[in-house]
Structures are given as C-alpha cells and as structure tokens.
Amino acid sequence: QGIVHQEDLVQFEVFFAEGIVNATQLVPVSAIMNPSFVTISRFSLLNEVIKSMAENKSYRLLVAEHGRIYGLISAMDILRKMNKTSVSSYESIML
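All values derive from a computational prediction rather than experimental measurement. (Residues numbered from 1 in each chain as written. Predicted model: local features only at pLDDT ≥ 70, side-chain atom pairs only at ≥ 80, totals over all residues. Heavy atoms only, no water.)

Undergrad: Explain the overall build of the protein chain to me, and be specific about the residues and the numbers.
TA: When helices and strands are tallied, the protein chain shows 4 helices and 3 strands. Reading the helices (α) and strands (β) of the protein chain from amino to carboxyl end gives α-β-α-β-β-α-α. Relative to its 95 residues, the protein chain shows a buried fraction of 18%. Counting contacts in the protein chain only where the partners sit at least 6 residues apart, residues at least 24 apart contribute 43% of the total. In the structure as shown, the protein chain presents an accessible area of about 7,400 Å², 57% of it carried by carbon and sulfur atoms. (Helix = DSSP H or I, 4+ residues; strand = E, 2+ residues; numbered from the N terminus. Buried < 20%, exposed > 50% of the residue type's maximum accessible area, 1.4 Å probe, protein only. Contact = heavy atoms within 4.5 Å. Areas by Shrake-Rupley, 256 points an atom, 1.4 Å probe, with all protein chains shown as cover.)

Undergrad: Could you give me a rundown of the nonpolar core, with the residues and numbers involved?
TA: By size, the foremost hydrophobic cluster in this structure holds 7 residues: Ile40, Val49, Met53, Leu61, Val63, Ile78 and Met82. Looking at this core, the elements that each hand over two or more residues are α2 (46–56), β2 (60–65) and α3 (75–83). The residues touching Leu61, leaving out its near neighbours within four places in the chain, are Val38, Ile40, Val49, Ser52, Met53, Gly71, Leu72 and Ile73. (Core = buried A, V, L, I, M, F, W, Y, C linked by side-chain atoms within 4.5 Å.)

Undergrad: Can you lay out the environment of Asn56 for me, pointing to particular residues and giving the numbers?
TA: Position of Asn56 relative to the elements: it lies in helix α2. Spatially, the C-alpha atoms of Asn56 and Val38 are 7.6 Å apart, while their sequence positions differ by 18 residues. Within polar-contact distance, the side chain of Asn56 engages the backbone oxygen of Ser52 at 2.8 Å. (Polar contact = N/O pair within 3.5 Å; in protein donor to acceptor, adjacent residues only side chain to side chain.)

Undergrad: Can you break down the sheet that holds β2 residue by residue, with the values?
TA: Spatially, β1-β2-β3 is the arrangement adopted by the 3 strands of the open sheet, whose pairing is mixed. Of all the strands in the sheet, the pair left with one neighbour each is β1 (39–40) and β3 (68–74). (Pairing = 2+ DSSP bridges.)

Undergrad: Give a description of a nonpolar patch on the surface that names residues and reports values.
TA: Where nonpolar side chains cluster on the molecular surface, the patch consists of Val10, Val14, Phe15 and Ile20 and spans about 310 Å² of accessible area. By secondary structure assignment, the location of Val10 is in helix α1 (residues 6–17). (Patch = residues over 30% accessible without salt bridge, like charges linked within 9 Å, V, L, I, M, F, W, Y side chains within 5 Å. Salt bridge = Lys/Arg side-chain N within 4 Å of Asp/Glu carboxyl O.)

Undergrad: Now, about unusual backbone geometry: what can you tell me, with residues and values included?
TA: Look at Lys57: it is not a glycine, yet its phi comes out positive at around 50°. Considering the arrangement of structural elements, one finds Lys57 in the loop between α2 and β2. One non-glycine residue, His66, lies in positive phi territory at about 50°. One can find His66 in the loop between β2 and β3. Classification of His66 as exposed rests on a relative accessible area of 84%.

Undergrad: Just give me the short version of the confidence of the model for the protein chain, but keep the residues and values in it.
TA: Per-residue confidence for the protein chain gives a mean pLDDT of 79, with 83% of residues at or over 70. In the predicted structure, residues 87–95 sits below a pLDDT of 50 and forms 7 contacts with residues beyond four places in sequence or in another chain. (pLDDT = per-residue confidence, 0-100.)

What follows is the structure, encoded as structure tokens:
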C-alpha cells in the first residue's frame, strides 16, 4: 500500500531527465509511491486535521476508515473553506 504525491512524480521526472530511468522502461507505481501516509477519520474535526498536518509535516491527509478510502484533504482545501467562512465561524473552528 502507498500513495503517489505530486512530489513523487516530480522526482521521477528528474530521474527520467537525468537518464536514471529509461524512456522505454516500464515502471510500476510501487517504485515511486510513498508507503507511509497519514490517515484521518471522515468524522475528524477541522482543528484535529490541522493539528495532524502540523505534527506529521504533511499538507495532505488520506481520509480513510477500516481500510476504505473516502478521499484526500489538503491544506489548500482547508484554506479555501476558511476563505468562505466568516471570522466568527473560523474562530469557533479553531477553539
């Protein structure tokens, strides 16, 4: 199990550009995926998500429960939501 981030693809492109990986070589996803990822429950509160991102130094968290993936939440998703939320609502979220 693992996840492929944009950074993983960028690194692969660097390997390709430097000739480390041949253009005709078939490369399985497992060769570039990151086997470590952080998951959160789909019922996690926003402040818990932000705390988990900070503690794990991750801008994205996999939303999963009992082996089922429900989605991915990113710091950008949170910023977009906060931009649409009033200041009083934001303050209540962060407490």
